[in-house]
Amino acid sequence: MTTVRSRLHLKLPGIVAVLLMVVTYIVVRPATPSNAQTDERASAFAFTPKTIAMPAGYDQQEIRKVNKSYRHIEAWISSVGAGIAMNDVDGDGFSNDLCVTDPRIDEVVVTPAPDERGDRYAPFVLDPAPLPMDDVMAPMGCAAGDFNEDGNSDLLVYYWGRTPIIFQARSGGDGMTADAFEPVELVADVGRARYTGPRWHSNAVTIADFDGDGHEDVFIGNYFPDSPVLDPSVRGGVVMNDSLSNALNGGEDHILRWTEDGFVQAEDVMPRDMRVGWTLGAAATDLDGDHLPELYVAHDFGTSRLLHNRSEPGSIKFGEVKGAHHPMVPKSKRIGASSFKGMGIDFGDLNQDGLHDMFVSNITTSFGLQESNFAFMSTADGTDDVRARMSRGEAPYVDRSGGLNLAWSGWGWDVKMGDFDNDSQLEITQATGFVKGRNNRWAQLQELATANDGLVAHPGWWPHVRKGDDLAGSQTMRFFARTPDGDYANLSDRLGLAVPVPTRGMAVGDSNGDGRLDLAVARQWGEPGFYLNESPAAGDFLGLKLTHPTGSPVVDAQVSVTLPDGTRRVSRVDGGGGHSGKRSHDVHIGLGEQGDAPLRVRLKWRDRSGAVHEKDLRLAPGWHDLQLASDVKEK
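Residues numbered from 1 in each chain as written. Predicted model: local features only at pLDDT ≥ 70, side-chain atom pairs only at ≥ 80, totals over all residues. Heavy atoms only, no water.

Caption draft 1: Structural detail: the layout of surface pockets. One number sums up the size of the largest pocket: a volume of about 650 Å³. Around the largest pocket, the lining is made up of 33 residues, and of these D88, V89, G91, G151 and S153 lie nearest the centre. For the lining of the largest pocket, the element with the most residues is strand β31 (residues 540–547), which contributes three residues. In the lining of the largest pocket, the residues fall into seven nonpolar, 18 polar and eight charged. (1 Å grid on protein atoms, 1.4 Å probe; cavity = no way out; pocket = protein on both sides within 12 Å on 5 of 7 lines; lining within 4 Å. Points joined across faces, edges and corners; volume = space filled by probe spheres on them. Helix = DSSP H or I, 4+ residues; strand = E, 2+ residues; numbered from the N terminus. Nonpolar A, V, L, I, M, F, W, Y, C, P; charged D, E, K, R; others polar.)

Structure below.
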C-alpha cells in the first residue's frame, strides 16, 4: 500500500496538470454551431466564382530574388504582395474596376470585374516609366482615390524598395488603357534618371482626412526598415524583428499630408516607438463623433496601436489609447498591450449599438502558433462617451472573439466586413494561409517561436523557409456569418470559397449595381478570384454614392440609418484600409425586410473647406447618388 501511495504521490503533479488542461479546454472551448444551423445559415448565400482577366506574356515566378542574408528564408520574404482593390475607376457609376498586384509577375494590373459587363476593356499593366525603377522593387498593393481632386479616380501603388507612385488619371483620357494614367511621385526628390529615394517596404496604406482640412491624407505603414531586402547582389545590411512579441526595429510609418503643392510628410505625428513596429495593416474611421478619423495600426510581432485623433487643420496629432486593466483580461488581448501578430484590421458595427467595432486579424493556427483574432467590441454609451474616455487615454473596447467563435481561424491576413445577404447583420471575410509548398516547416517555426528575443533579429538564426517549403499553405479563406445563437460560423466550405491557396487581400463592393456585395480575393501563390454574389433571397439595402461637387468620393463621410424598430445601422465612406485589399468607396447597408418605405438617414461629412455638416434625410431603400457640399443634392 505504501508503494502504491508513493507512486501516486510521485504522479500527482502530472495528474493534476492533465486535469487542469482538460478543464481549461472545456471552459475555453468555443461553442461550435451544429451542422443543421450552419447549413441553414449557408442557404442564405450564393456566390458564383468568376475568372479575373489578366494580361498574358509575362514570365511567372514563385519566389523573389532576395538579399543573400535572406536566401534561407526566401519563401518567407516572398510571402506578401498579393493585393486587390475594387472601385469605380472608369467613372461608369459602378464599382467594377479591379486593381490587382500580382506577385507571380510583380506587376500592377487594372482589369474589369468579371460580371455581366466584364468585357468593357482589356486588362492592362500600369507603367511607371519614366519614373526611376530598378530590379530591387516590387509592388505590394493598390488604393484608389482622387489625389489631385479633379474628379477622376487615380491609383496609388505602394512598393517594397521605393516610395509609392500615384498613377494619375489623365484628363480627357480616351478609354481604359495604360496611357490613360500618368505616373507621379507621392514623395518628392527621389531621383529622375536613377532612384535615390528611401527604400521603403510598405505593406499598409489607409487614406483619410486626418487633420480635418477637407482633403485626404495618406498613411503609409512600412514593414522592413529601409534596407536592401530585394537586392540579391549584396549580403547583409538587413535585419529581422528584434522581438517576437514587442518588436520596435521595423520600417518607420509615415503620413503624407495633402497640400496645394503636393503631399508633404507630417512631422512628429506620433512618438518613435509607435511608428517603428512591423506594420502589416491599418484602417481609419471616426470613432468618437468629432469627424476626425482615428487610426488603428496593426503591427506584426505585437505592439499594435489605436490612435485617438487630436489634430487641427494643417497639424496632424495623435494620442495613444489603451484598453483598461482587468484581472480577467490577459495583457496580450488588450488594445495597446497586445503581443500577437497583427496582420489586418477593419471597422464595422458588429453588436449593432450604433458604434464602430474592430476585427483584428492575427496568427491563430492550432498546433502551430495558437494566438487569437480580436473582435474588439465597443463598451461606451455613445460617441460622447467614446470621446471622453479616449481623451483620458482609455480605449473603450473589449475583445469578445472567444464567445463569438471568431478567435481562431488560421494564419490571418486581410479582413473585410460587409452585409452580403442584406439581413442587417455584418458578415466577416478573412484571408488566411502563409507559404505554399510541399515540405512542412511547422516544427522549425515552433522552435523559433520559443527562441530568445536576443537572437531573432539576426536573419541567420531563422529556420529555413525556401522554395518548396510549406507553412499553413493549404489554409482557406474564412466567411463568418452570425448564427441564430448569436455567435459566428465559418461557411466558406459550404459556399465554394474554401480554395486551399493562401489568400492576402480582400475587397468588397457591388460591381453590377444589384444591391448585393461581391467579393474579390488576392492570392499569394495563385490567381486572384472573384465571387459574384447571387444570394437568392437577399433583403433590402441602402446604397449611397457620396461625392463632392467635382465627383470625388467624400472619404470619411459617416452614415447612420434608423430602422422602424428604432435600432441604428452605421457605415462610412472608406478611403481604403486593411492589409492589401481595399473596398469600394460606396456605402452599403443591409436593411432586412423593410419594403419601400423611406427610412431616416443621417449624414455627417466635411466639405473641401474643412467645415463639418450634418443632414437628416428620408431615403427609400436602393441606390442613391448624393452630392455633398454645404448641403445635399441628389443627382
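Moving on from the model shown.
Caption draft 2: Looking closely at the packing of aromatic side chains. Under the definition given, this model contains 23 aromatic pairs. Ring centres of Y223 and W278 lie 5.0 Å apart, and the angle between their planes is 80°; this geometry places the pair in the edge-to-face category. One end of the pair, Y223, is in the loop between β11 (217–222) and β12 (254–257); the other, W278, is in strand β14 (residues 278–285), and 55 residues separate them in sequence. Given the relative accessible area of 9%, Y223 is considered buried. What makes W278 buried here is its relative accessible area of 0%. Ring geometry for W413 and F434: centres 6.3 Å apart, planes at 20°, overall stacked. Of this pair, W413 sits in strand β22 (residues 412–418) while F434 sits in the loop between β23 (427–432) and β24 (439–440), and the two are 21 residues apart along the sequence. Comparing W413 with F434 shows no difference in burial state: the two are buried. Three or more aromatic residues joined by ring pairs form one cluster here, namely Y70, W160, Y223, F224, W278 and F301. Across from the ring centre of W413, 4.1 Å away, lies the NZ or CZ of R504, which sits over that ring. Looking at K545, its charged tip hangs above the ring of W623, at a distance of 4.6 Å from the centre. (Phe/Tyr/Trp six-rings, centres within 6.5 Å; stacked < 30°, edge-to-face > 60°. Buried < 20%, exposed > 50% of the residue type's maximum accessible area, 1.4 Å probe, protein only. Lys NZ or Arg CZ within 6 Å of the ring centre and 35° of its normal.)

Caption draft 3: Structural view of the UniProt feature "domain: ASPIC/UnbV" (unreviewed entry) in the chain. Under the present numbering, the feature "domain: ASPIC/UnbV" (unreviewed entry) in UniProt falls on residues 555–608. When the span residues 555–608 is considered, its composition is 0% helix and 48% strand, and the gap between its end C-alpha atoms is 11 Å. (UniProt positions renumbered as here; feature names shortened; annotations may be inferred.)

Caption draft 4: Region of interest: the domain arrangement of the chain. Once the domains are mapped, the chain shows domain 1 (1–30) and domain 2 (36–634). In this structure, domain 1 and domain 2 have C-alpha centres spaced 46 Å apart. (Domains from an automatic or database assignment.)

Caption draft 5: Quick peek at helix α2 (residues 35–42). Within the sequence span of α2, burial applies to Q37, T38, R41 and A42. When α2 is viewed along its axis, its buried side chains cluster within an angular range of 130° and face the same direction. Projecting away from the buried face of α2 at angles above 90 degrees are the exposed residues N35, A36 and E40. Considering only its buried residues, α2 is in contact with β23, β26 (478–482) and β27 (488–490). (Arc of directions from axis to C-beta. Contact = heavy atoms within 4.5 Å.)

Caption draft 6: The arrangement of empty space enclosed by the protein in detail. For the coordinates displayed, the defined rule picks out six cavities of 30 Å³ or more. Per-class residue counts for the lining of the largest cavity are nine nonpolar, eleven polar and eight charged.

Caption draft 7: The sheet that holds strand β16 (residues 305–309), seen in detail. The four strands lie next to each other as β14-β15-β16-β17, forming an open sheet whose pairing is antiparallel. The two strands at the open ends of the sheet, each matched to only one other strand, are β14 and β17 (318–321). If you compare each strand with its neighbour and ignore which way they point, the axes differ by 25° on average. Most of the contacts of helix α5 (residues 383–391) go to β16, to which it runs at about 105°, and overall it touches β15 (294–300), β16 and β17. (Pairing = 2+ DSSP bridges. Axes fitted to C-alpha atoms, helices over the stretch in contact; angles between N-to-C directions.)

Caption draft 8: Quick peek at the pairing of β16. Along β16, five of the five residues are buried, which leaves the element largely enclosed by surrounding structure. Residues of β16 alternate between two faces, with R305, L307 and N309 on one and L306 and H308 on the opposite face, all of them buried. Here three bridges tie β15 to β16, and the two strands are oriented antiparallel to one another. If you follow Y296 over to β16, its bridge partner there is L306. If you look at the hairpin formed by β15 and β16, you'll find four residues sitting between the two strands, and F301 has a positive phi there, around 65°. Pairing between β16 and β17: four bridges, direction antiparallel. Within β17, the position partnered with L306 by the bridge is V321.

Caption draft 9: Local environment of the nonpolar core. Grouped together as the largest cluster of nonpolar side chains are 76 residues, with contacts concentrated most on Y70, W76, I77, V218, F224 and W411. Ignoring anything within four residues of it in the chain, the contact list for V218 reads F147, L156, V205, T206, I207, H254, I255, L256 and F263. Counting residues in hydrophobic clusters, the runner-up holds 21 residues, among them V587, I589, L591 and L626. (Core = buried A, V, L, I, M, F, W, Y, C linked by side-chain atoms within 4.5 Å.)

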